[in-house]
Every structure is written in structure tokens, then in C-alpha cells.
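# Topology and contacts: notes
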Amino acid sequence: MAVSFSNFCCLRRLLINSTSCSRAYLSGFKSNLSLEKLYPTSRLDITTIPKAPESKDGKFSGYIPMDKIQVNYVRSGGPGGQNVNCVSTKTEIRFHLASADWIPEPIRVKLAERVKNQISKEGYFIIKSERTRSQQLNLADTLDKLRNLIHSVAQSLVVPEVSQETLEKQRRLRERAARERLREKRAHSMTKQGRQSPTLDS
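Rules of the game
- Residues numbered from 1 in each chain as written.
- Predicted model: local features only at pLDDT ≥ 70, side-chain atom pairs only at ≥ 80, totals over all residues.
- Heavy atoms only, no water.
- Pairing = 2+ DSSP bridges.
- Helix = DSSP H or I, 4+ residues; strand = E, 2+ residues; numbered from the N terminus.
- Axes fitted to C-alpha atoms, helices over the stretch in contact; angles between N-to-C directions.
- Contact = heavy atoms within 4.5 Å.
- Buried < 20%, exposed > 50% of the residue type's maximum accessible area, 1.4 Å probe, protein only.
- Patch = residues over 30% accessible without salt bridge, like charges linked within 9 Å, V, L, I, M, F, W, Y side chains within 5 Å.
- Areas by Shrake-Rupley, 256 points an atom, 1.4 Å probe, with all protein chains shown as cover.
- Salt bridge = Lys/Arg side-chain N within 4 Å of Asp/Glu carboxyl O.

## As for the sheet that holds strand E2 (residues 90-96)
The strands making up a sheet associate through hydrogen bonds between their backbones, and the pairing can be parallel or antiparallel. Taken together, the three strands give an open sheet; going across it, the order is E1-E2-E3, and neighbouring strands pair in antiparallel fashion. Edge positions in the open sheet fall to strand E1 (70-74) and strand E3 (124-129), since each of these has one partner strand only. Ignoring which end each strand starts from, the neighbouring axes of this sheet average 20 degrees apart. Looking at chain direction, E2 and E3 are connected through six bridges and run antiparallel. In the strand pairing of E3, Glu92 is matched with Lys128. Contacting E1, E2 and E3, helix H5 (residues 135-156) crosses the sheet at an angle of about 130 degrees to E3.

## Let's talk about the environment of Ile127
Along the chain, the position of Ile127 falls in strand E3. With a relative accessible area of 9%, Ile127 lands in the buried category. The spatial distance from the C-alpha of Ile127 to the C-alpha of Thr142 is 6.2 Å, given a sequence separation of 15 residues. Contact partners of Ile127, with chain neighbours within four places excluded, come to Thr91, Glu92, Ile93, Thr142, Lys145 and Leu146.

## Re a nonpolar patch on the surface
Taken together, Leu33, Leu38 and Tyr39 make up a surface patch of nonpolar side chains, about 350 Å² in accessible area. Among the secondary structure elements, Leu33 is positioned in the loop between helix H1 (5-27) and helix H2 (35-38). The class for Leu33 is exposed, based on a relative accessible area of 66%.

This is how it looks when you write it as C-alpha cells:
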């Protein structure tokens, strides 16, 4: 097979470059623009799974572990053309509520009371979404629903602190209401006495 001079030069240049690169790799040479020198504190590992944030003081951190929930995709209803019959975009997530240790126990108990009619016989709490025609967006929507529901339950458990001024104001209102009630009773009693017919003794 005939090789032209230009092709021969290209092959020779590629061979030289690959050889020099392999020599640099084997010699341990690193450029000043290498990732290790640009980001010396980075782990340089994009596959590292971040650790779940810890819930402090019995509060929900907002983190939902994906390995603790089940995700299913089914056919979505409603209009949408032929794509509805071909792609399963409706998202359904479920998890066992009683064993969901990533939710603080007081919040988990209150959540079980609020959604007791939505829990299956096996104890699974199910959330569905078919808001869009995308699996990823529907999954994000279901997780957002669950996160907002847990935050709502956690907020209902917070007892508001009452200041001394508020307590004093409430006490004055109760005393005022009691005085007003006594005044009305006294006026009603006097009205009834005025309606009585006079007697011989009077």
C-alpha cells in the first residue's frame, strides 16, 4: 500500500507525541496546570457520594436518602399524544414510614397521624406525581412534596414562645371580660326586678 509523504509525516508526528507523552507519564511529570496543582485540597473523585447531613435537635434536615425509598414509573394518564402510551412518566415513590429512621421520631409519629388514610396495609406511604411528561421532573416533584409535608409537620410541633407582655395582655382581657359579664348580669337582674308587679308590702 502506497503511503504519501504527508501521511508519513503525520504518522511520524503522532508517534513522537505519543512516545513523549508516555515518557512524561512514566517519569511522573506533572504540568503546572494539572488538577492536583490547581486544586490541591480537592479529592478529585466525582463518584464520591456525599454524606447525609445529621439532624440536629430533632429537626429534619431536608435530606431524603434515595436508597431508603422505592421509585416506580408507570403510564401517565390524560392527554399527551402517542408519547403517553410509549413512555412511563408518572412517578411513584414509597417508603416504609414506621422504619424511616432518617425522619426524627416525633415528626414521624405526627406524620403517621396526619397521613394515616394514605398508608397501605403494609405500612408504606406513597406519593405520586404526573405533573409533567418527564420522569426526572416528576421525581423531583414527588420529593419536593414529601419534603414540604415533613417540614409542615415539623412546623406544627413547634410551640411558640409567649412573652410576658402577651401574658399580661391576655390577663387584662380576661379580667375585662369578667367585669363586663358581671355588669350585664346585674343589669339583667335589675330589669327583671322592674318587671315584677308591686305587692302590698311595697
